[in-house]
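Here is what each chain is made of, one letter per residue.
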Amino acid sequence: MFIKPFKVKSNNQLKGTERKKLCEEILQAFPKLKDDEVQNLLKKKDSISVMKVVAHNGNVVKIYCTAKIPMFLHFDMPNLQGYFPTIYTLWQYPDLMYNFTTRSVVISKLSSGADLMIPGLVLDGPATPYSFGKMEKRTPVSINTDDNKAPFAVGISALSSEDMYMSGGRGKCVEIIHVIGDTLCQLLDKPLIRPELGKSIKTLNTSVDSITDELKKESNLEKEENLNKNTDDNNLEMRLSSNVDNLQIKDDEKSPVEENSNEILDDDNEIIEIEKQQEPLDPIQEMDKLLEYCFLKACKMTIKKGDLPMLTSNFFKNHVMAVCPSDQSLDIKKSSHKKLSVFLLRMKEKGLVDTSILKGVESLLSIKTNHPLFQNLVINEEVPIKQPETSNAPVIAECYKVTANVVPLLSQFGFEKGDIMKRADIRKCFTEYVKKENLQNGKILKINPQLAGILKTKENQETLTMEDGINKFIGKMTHTHGVTVGGTTSFFTGKLEPIEITVTTRTNNKKVTLVNNLEIFGIKMEEFSKECQGIGASATITDVPGKKTPSVLVQGNQVLYVYKLLTEKYQINKNYIKGIEFAPKKKK
């Protein structure tokens, strides 16, 4: 659910009464927790906030954070309700939920958005009806690894325990909600390292295939019984036939036993042939095959006529390596060619490409796409859909926070106190309310008692223009700004402070340039100071008297360089940069 970025609707700090209510609800949701343990998770000395977010799939989730660390999630949906602990809570109390165990290599798969499948489980001993606990479908669970008891994911069971056992070791086990490394974990300033809590299972069963083995035991027993029965019948026939006098078998006839033995031999030969066919190729041959496949695929799918000529090194790195299947690794040194130049020479001999070498540098000149190898190429995997790249340029939006004064009207449209709204959404809600109450007459707005209480109009005033009414209504809300950088949105109350560039003097009358308010626009000061060092001037982070946040100090008057860096690399709109007038004037 949190693999992709989410949108923050509101972020409020809990009051004392709200914190007390939260503790009570957590105790009810998790009976294993004691009161002092809940107090340890939600400490009084730490600030506790609730963040209301909208996930990429449209689900609304409340995230409760302690000292900016997400501790609990709350869902209120038809198919998902109640409180869920995050992995940071489970690191302190790992037995809070039922744990499924898997291998460490599975972590990367789940972090990429996959769900946990039953074949990926590790069980403590042989599979039994009780190996999967006693739970119903959609029960909250956590996932750890066999080498570390600390959970790394939280989700809900996709099947009941009985269905998991009867599935024969196949199917989905857990639908993942929250996993280590997702966007929820990125709320932290610095990532927390998963603690080592010891092995989760002492005696490990290597796989879940034992479930299938147990389910097949009965059928195997039946086969053995039938085989024994057939053997007894054959023995009986042989004894009867031995008692018959003068019974001879002709040379051109074969007994049933011989026929059966020949059939068995034939079957054995077939099995041997199949095993020979299934023998793995030599690793060098496999790499040669993969290299040629990736080469043909890159030439057919990613290279355009306007891209040529192209350096062969760039062609291999940006095109051939890029189309390699995700489950395989391409290494030309492990092939029979060893070098790219040797491989391209052989492709040139086959008439696939044309290359040239100038001053020791090889370039790809043309590709013969009408060659039969290109025409007969079959792509073995689906072409991934390219996701739109998220720009690092900050996007600034003017927003308004819902206050207690306007809640009576906006609550009719599903908004609560503290929610962030855009001006267009407020106008739409206000207009729909006016139409519903039949208060509009052309451009004139009639004021009913509810609007009079919100807009604080005079007692004898009965009408307003529609535009004035909307402006007055918006004026009763808190003015905020939303700054979105890399898919993450932060909200700032009041007027948005621009990036301020100033020039001052320090010891020995040396000029220095100070840059303030960078972090508001998602710029990390450590990274920015290193960028400023590229012009040969030292840059440090320092506290400036009278400023709420630290500033970046650059030696000399570097206003023009800083302005160019902000507008070109960080793509900050010049309207949000103040202090360009301090730049050194050009000499005539």
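Now for a quick tour of the structure. (Residues numbered from 1 in each chain as written. Predicted model: local features only at pLDDT ≥ 70, side-chain atom pairs only at ≥ 80, totals over all residues. Heavy atoms only, no water.)

**A few points about the overall build of the protein**
Line of reasoning, step 1. On a plain count of helices and strands, the protein comes out with 17 helices and 25 strands.
Line of reasoning, step 2. Residues classed as buried in the protein amount to 37% of the 588 residues present.
Line of reasoning, step 3. Considering only intrachain contacts with a sequence separation of at least 6, the fraction spanning at least 24 residues in the protein is 60%.
Line of reasoning, step 4. Surface accessibility of the protein: about 36600 Å² in total, with carbon and sulfur atoms responsible for 51%. (Helix = DSSP H or I, 4+ residues; strand = E, 2+ residues; numbered from the N terminus. Buried < 20%, exposed > 50% of the residue type's maximum accessible area, 1.4 Å probe, protein only. Contact = heavy atoms within 4.5 Å. Areas by Shrake-Rupley, 256 points an atom, 1.4 Å probe, with all protein chains shown as cover.)

**Re the sheet that holds strand β14 (residues 395–401)**
Line of reasoning, step 1. With respect to topology, four strands assemble into an open sheet ordered β15-β14-β19-β20, the strand pairing being antiparallel. Each of the sheet's edge strands pairs with one partner strand only, and the pair in question is β15 (420–422) and β20 (488–493). Each adjacent strand pair in this sheet contributes to an overall mean axis angle of 40°, direction not counted.
Line of reasoning, step 2. Note: strand β19 (residues 478–485) against β20, six bridges, orientation antiparallel. For Thr484, the partnering residue across the bridge sits in β20 and is Thr489.
Line of reasoning, step 3. Sheet strands in contact with helix α13 (residues 423–436) are β14 and β15, and its direction is about 85° off that of β15. (Pairing = 2+ DSSP bridges. Axes fitted to C-alpha atoms, helices over the stretch in contact; angles between N-to-C directions.)

**Some points on the nonpolar core**
Line of reasoning, step 1. Formed by 44 residues in total, the largest nonpolar core has its most connected members in Phe2, Phe72 and Phe75.
Line of reasoning, step 2. Elements represented by at least two residues in this core include exactly α1 (16–29), α2 (35–41), β2 (48–54), β3 (60–66), β4 (69–77), β5 (80–85), α3 (87–92) and β9 (148–157).
Line of reasoning, step 3. With five residues, β4 is the largest single contributor of residues to this core.
Line of reasoning, step 4. Apart from the residues within four sequence positions on either side, Phe75 is in contact with Met1, Val61, Leu80, Gln81, Gly82, Phe84 and Ile177. (Core = buried A, V, L, I, M, F, W, Y, C linked by side-chain atoms within 4.5 Å.)

**Side note on the pairing of strand β8 (residues 140–145)**
Line of reasoning, step 1. Burial within β8 is extensive, with five of its six residues counted as buried.
Line of reasoning, step 2. As consecutive antiparallel partners, β8 and β9 are separated by two residues.

**Details of the pattern of salt bridges**
Line of reasoning, step 1. For the coordinates displayed, the defined rule picks out 11 salt bridges.
Line of reasoning, step 2. The closest approach of N and O atoms between Asp95 and Lys149, which form a salt bridge, is 3.4 Å. With Asp95 in the loop between α3 and β6 (98–102) and Lys149 in strand β9, the pair connects residues that are 54 residues apart, well separated along the chain.
Line of reasoning, step 3. Judged by its relative accessible area of 41%, Asp95 is partly exposed.
Line of reasoning, step 4. Of the residues examined, Lys149 reaches a relative accessible area of 27% and is grouped as partly exposed.
Line of reasoning, step 5. Within the structure, one salt-bridge network assembled from shared partners comprises Lys52, Glu416 and Asp419. (Salt bridge = Lys/Arg side-chain N within 4 Å of Asp/Glu carboxyl O.)

**Examining the side chain of Ser160**
Line of reasoning, step 1. Within the secondary structure, Ser160 sits in the loop between β9 and α5 (161–166).
Line of reasoning, step 2. By relative accessible area, Ser160 is classed as buried at 13%.
Line of reasoning, step 3. Engagement of the side chain of Ser160 in a polar contact is seen with the side chain of Asp163, the distance being 3.1 Å.
Line of reasoning, step 4. In contact with Ser160, not counting residues within four places along its chain, are Met135, Glu136 and Lys137. (Polar contact = N/O pair within 3.5 Å; in protein donor to acceptor, adjacent residues only side chain to side chain.)

**A look at the sheet that holds strand β13 (residues 361–367)**
Across a sheet, strands are paired by hydrogen bonds formed along the backbone, either parallel or antiparallel in direction.
Line of reasoning, step 1. The strand order across the open sheet formed by three strands is β11-β13-β12, and the pairing between neighbours is antiparallel. In this open sheet, the two edge strands, each paired with only one partner strand, are β11 (310–311) and β12 (353–358).
Line of reasoning, step 2. In the sheet, β12 pairs with β13 via six bridges, with the strands oriented antiparallel. Within the sheet, the bridge partner assigned to Val353 lies in β13 and is Ile367.
Line of reasoning, step 3. Strands β12 and β13 of the sheet are contacted by helix α10 (residues 340–349), whose axis makes an angle of about 135° with β12.

**Quick notes on α10**
Line of reasoning, step 1. Where α10 is concerned, the buried positions are Leu340, Phe343, Leu344 and Met347. Buried residues in α10, looked at end-on, bunch into an arc of 95°, giving them a common side.
Line of reasoning, step 2. In this fold, the buried residues of α10 make contact with α8 (283–301), α9 (312–320), β12 and β13.
Line of reasoning, step 3. Following α10 by one or two positions, Gly351 adopts a phi angle in the positive range, close to 80°. (Arc of directions from axis to C-beta.)

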